[in-house]
Amino acid sequence: MPEDPLLPPPAHAPGLEDLHAGLHDVLRLIEIEHALLRGRLESLKADSEGARLLEGVMVLGAVLQQRMAGLLHICREIGRL
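Residues numbered from 1 in each chain as written. Predicted model: local features only at pLDDT ≥ 70, side-chain atom pairs only at ≥ 80, totals over all residues. Heavy atoms only, no water.

What follows covers the overall build of the chain. When helices and strands are tallied, the chain shows two helices and zero strands. The burial tally for the chain puts 21% of its 81 residues in the buried class. In the structure as shown, the chain presents an accessible area of about 6,400 Å², 64% of it carried by carbon and sulfur atoms. (Helix = DSSP H or I, 4+ residues; strand = E, 2+ residues; numbered from the N terminus. Buried < 20%, exposed > 50% of the residue type's maximum accessible area, 1.4 Å probe, protein only. Areas by Shrake-Rupley, 256 points an atom, 1.4 Å probe, with all protein chains shown as cover.)

Written as structure tokens, this is what we have:
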């Protein structure tokens, strides 16, 4: 249902902006960690156990990034941030 432009916008849920900012900070830390891990991976032998383990951790980090991006999107929609 479209919103009536004459009505005031809905009130933000308390703490939603803080939640959004916190999620954004966590997402940025995951991105930094991913960059550091990528740099470390380059120094390992491609077929080593350490490289395979590090690649797995990086895949998990990518999944976390996707989930965090989804949560940020929900916050923006709910709070119109």
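Next, the rest of the story.
Where nonpolar side chains cluster on the molecular surface, the patch consists of Leu29, Ile32 and Leu36 and spans about 310 Å² of accessible area. Among the structural elements, Leu29 can be located in helix H1 (residues 16-42). Residue Leu29 is classed as exposed on the basis of its relative accessible area, which comes to 56%. (Patch = residues over 30% accessible without salt bridge, like charges linked within 9 Å, V, L, I, M, F, W, Y side chains within 5 Å. Salt bridge = Lys/Arg side-chain N within 4 Å of Asp/Glu carboxyl O.)

Before going further, it helps to spend a moment on the nonpolar core. Listed in full, the seven residues of the largest apolar core are Leu16, Leu23, Leu27, Ile30, Met68, Leu72 and Cys75. For this core, the secondary-structure elements that each account for two or more residues are H1 and helix H2 (49-79). Counting residues per element, this core draws most heavily on H1, at four residues. Apart from residues no more than four positions distant in its own chain, Ile30 is found in contact with Gly61, Leu64, Gln65 and Met68. Grouped together as the second largest cluster of nonpolar side chains are five residues, Leu37, Leu41, Leu54 and Met58 included. (Core = buried A, V, L, I, M, F, W, Y, C linked by side-chain atoms within 4.5 Å. Contact = heavy atoms within 4.5 Å.)

To continue, consider H1. Across its 27 residues, H1 extends 39 Å between first and last C-alpha, which sits within 8% of the 39 Å expected from 1.5 Å per residue. All of the buried residues in H1 are Leu16, His20, Leu23, Leu27, Ile30, His34, Leu37 and Leu41. Among the structural elements, H2 are those in contact with the buried residues of H1. (Expected span 1.5 Å × (residues − 1).)

Looking now at the packing of H1 against H2. Two measures define how a pair of helices packs: the angle their axes make with one another and the distance between the axes. Interhelical geometry of H1 versus H2 gives an angle of 160° and a closest axis separation of 9 Å. In terms of their interaxial angle, H1 and H2 are classed as roughly antiparallel. H1 and H2 meet at a crossing whose hand is left-handed. Classifying every residue of the contact of H1 with H2 gives 18 nonpolar, six polar and five charged. (Axes fitted to C-alpha atoms, helices over the stretch in contact; angles between N-to-C directions. Parallel < 35°, antiparallel > 145°, perpendicular 65-115°, else oblique. Left-handed = near helix turned anticlockwise from the far one by under 90°. Nonpolar A, V, L, I, M, F, W, Y, C, P; charged D, E, K, R; others polar.)

Here H2 spans 45 Å end to end across 31 residues, near enough to the 45 Å set by a 1.5 Å rise per residue. Taken residue by residue, H2 has Ala51, Leu54, Met58, Gly61, Met68, Leu72, Cys75 and Gly79 as its buried positions. Here the buried face of H2 lies against H1. Phi turns positive, to about 50°, at Arg80, one or two residues after H2.

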